[in-house]
2 protein chains.
Amino acid sequence: MSQNEKTCLIRGDAGRTVRAILDRIGSRWTLLIVATLHGRRLRFTELQQHIPGVSQRMLSLSLRRLERDGLVSRTAHAEVPPRVEYELTPMGQTLIAPAITLAEWAAEHNPAIERSQAAYDTRED
Amino acid sequence: MSQNEKTCLIRGDAGRTVRAILDRIGSRWTLLIVATLHGRRLRFTELQQHIPGVSQRMLSLSLRRLERDGLVSRTAHAEVPPRVEYELTPMGQTLIAPAITLAEWAAEHNPAIERSQAAYDTRED
DNA sequence: CAGTATCCTATTCGATACTG
DNA sequence: CAGTATCGAATAGGATACTG
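Keep in mind that this is a model prediction, so the values were computed, not measured.

A. The arrangement of the overall build of chain A in detail. If you tally the helices and strands in chain A, you get 7 helices and 3 strands. Of the regular secondary structure in chain A, the N- to C-terminal order runs α-α-α-β-α-α-β-β-α-α. Considering only C-alpha atoms, chain A reaches an extent of 60 × 40 × 20 Å along its principal axes. Scored against the burial criterion, the 125 residues of chain A give a buried share of 46%. For chain A, the share of sequence-separated contacts (at least 6 apart) that also reach a separation of at least 24 residues comes to 42%. Put simply, chain A shows about 6400 Å² of open surface, and 50% of that area lies on carbon and sulfur atoms. Of note, chain A has its 17 positive side-chain charges centred 6 Å away from the centre of its 15 negative side-chain charges.

B. Representation of the interface of chain A and chain B in the model. Every contact between the two is made by 53 residues of chain A and, on the other side, 53 residues of chain B. Contact with chain B buries area across many residues of chain A, yet A:Ile10, A:Arg68 and A:Trp105 alone supply 14% of it, more than any other trio. One can count 4 salt bridges joining chain A with chain B. B:Glu104 is the salt-bridge partner of A:Lys6, the closest N and O atoms lying 3.5 Å from each other. Seen at the junction of chain A and chain B, the total is 22 residue pairs in polar contact (both at pLDDT 80 or more). Elements with a minimum of two residues in the side of chain A that touches chain B: α1 (3-11), α2 (14-25), α3 (30-36), α5 (56-68), α6 (90-94) and α7 (96-124) of chain A.

C. How the structure looks around the protein's contact with DNA strand C. In the region of DNA strand C, 21 residues are neighbours, and A:Met58, B:Arg43, B:Thr45, B:Ser60 and B:Tyr86 sit closest. When atoms of DNA strand C within 4 Å of the protein are split into backbone and base, the sugar-phosphate part holds 57%. Contact between DNA strand C and A:Arg57: a base oxygen at 3.2 Å from a side-chain N or O atom of the residue. Here a phosphate oxygen of DNA strand C sits 2.6 Å away from a polar atom, N or O, in the side chain of B:Thr45. Where the surface near DNA strand C is concerned, the elements lending two or more residues are α5 of chain A together with α4 (44-50), α5 (56-68) and β3 (83-88) of chain B. Broken down by element, the surface near DNA strand C gets its largest block of residues, 4 residues, from α5(B). When the residues that make up the surface near DNA strand C are grouped by side-chain class, the tally is 8 nonpolar, 6 polar and 7 charged.

D. Region of interest: the protein's contact with DNA strand D. Around DNA strand D there are 21 residues in total, and A:Arg43, A:Thr45, A:Gln56, A:Ser60 and A:Tyr86 lie nearest to it. Here, DNA strand D places atoms within 4 Å of the protein, and 57% of those atoms are sugar or phosphate. The contact in question runs from a sugar or linking oxygen of DNA strand D to an N or O atom on the backbone of A:Pro82, over 3.3 Å. Measuring from a base nitrogen of DNA strand D, one finds a side-chain N or O atom of B:Arg57 at 2.9 Å. Contributing elements (two or more residues each) for the surface near DNA strand D: α4 (44-50), α5 and β3 (83-88) of chain A together with α5 of chain B. Per element, the largest residue contribution to the surface near DNA strand D is 4 residues, and it comes from α5(A). A breakdown of the residues in the surface near DNA strand D according to their chemical character gives 8 nonpolar, 6 polar and 7 charged.

E. Structural view of the pattern of salt bridges. Enumeration according to the criterion identifies 16 salt bridges over all chains in this entry. A:Arg68 is the salt-bridge partner of B:Asp121, the closest N and O atoms lying 2.4 Å from each other. Note that B:Asp121 is positioned in helix α7 (residues 96-124) and A:Arg68 in helix α5, a pairing that runs across two chains. With a relative accessible area of 24%, A:Arg68 lands in the partly exposed category. Residue B:Glu85 pairs with B:Arg83 through a salt bridge whose shortest N-O separation is 3.6 Å.

Parameters and conventions
- Residues numbered from 1 in each chain as written.
- Chains lettered and ligands numbered in written order.
- Predicted model: local features only at pLDDT ≥ 70, side-chain atom pairs only at ≥ 80, totals over all residues.
- Heavy atoms only, no water.
- Helix = DSSP H or I, 4+ residues; strand = E, 2+ residues; numbered from the N terminus.
- Buried < 20%, exposed > 50% of the residue type's maximum accessible area, 1.4 Å probe, protein only.
- Contact = heavy atoms within 4.5 Å.
- Areas by Shrake-Rupley, 256 points an atom, 1.4 Å probe, with all protein chains shown as cover.
- Lys, Arg positive; Asp, Glu negative; His and termini not counted.
- Charge placed at Lys NZ, Arg CZ, Asp CG, Glu CD.
- Buried area = accessible area lost by both parts, 1.4 Å probe.
- Salt bridge = Lys/Arg side-chain N within 4 Å of Asp/Glu carboxyl O.
- Polar contact = N/O pair within 3.5 Å; in protein donor to acceptor, adjacent residues only side chain to side chain.
- Near = heavy atom within 4 Å.
- Nonpolar A, V, L, I, M, F, W, Y, C, P; charged D, E, K, R; others polar.

What follows is the structure, given as structure tokens:
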């Protein structure tokens, strides 16, 4: 299968799928949460401490969405005070690899992108 | 390098980079434009025809951002009526592979995600 | 043809306060 | 501890009209 055919995954019928995924992982905190949960289970407060800047509200909303998508599992222990633990589901773990691919691209090309932006902006001034 | 170390690409200092990238490709039309330009150069109107639902405004804004990032090049021919052609830069072409990786993940797991969502929603009713 | 400008709506997100 | 509710600011995005 050529790369050009594969590109249809983004453009074609599956394109709606890709948009649906990007609507999720494109959300500010989602990918960060998945990466933070990689290889361990954490409580709500622990997650919040590992992810600087996330508000209770956004952490809650993002976790609920990830749970609904079946990427993260939520385990509430019947204790006082309450204890809730989050971890990646098997499907959630499969997202790690593509996420890393994207991250490596980002890390590799970011310097060039920033140079391009700077050049563009000085031209436009 | 272990996958756990690589995950730091998402969480660590490079994490800001990843967010910067996601702020771009996470934008509704960006990835679609890149995929549409894969292997060919197209004019503004042609792009609009290939990407159903995109408004002039969003196509323009997205192209300007991609151009600023150095992922797309814009060539204006000095003619009447004006003719402007867009194509991927070499760096823009390197984005195709990671995008496909993500798209393949999306295509493969979307059925399971939709089942999970349906199950979650009926539970919550 | 290839845009930009303007207006308006919807969604996202942060801050704060409150609860089982 | 682990959230939800509410409010307001910022941003994204669509529709329409106008221009070099």
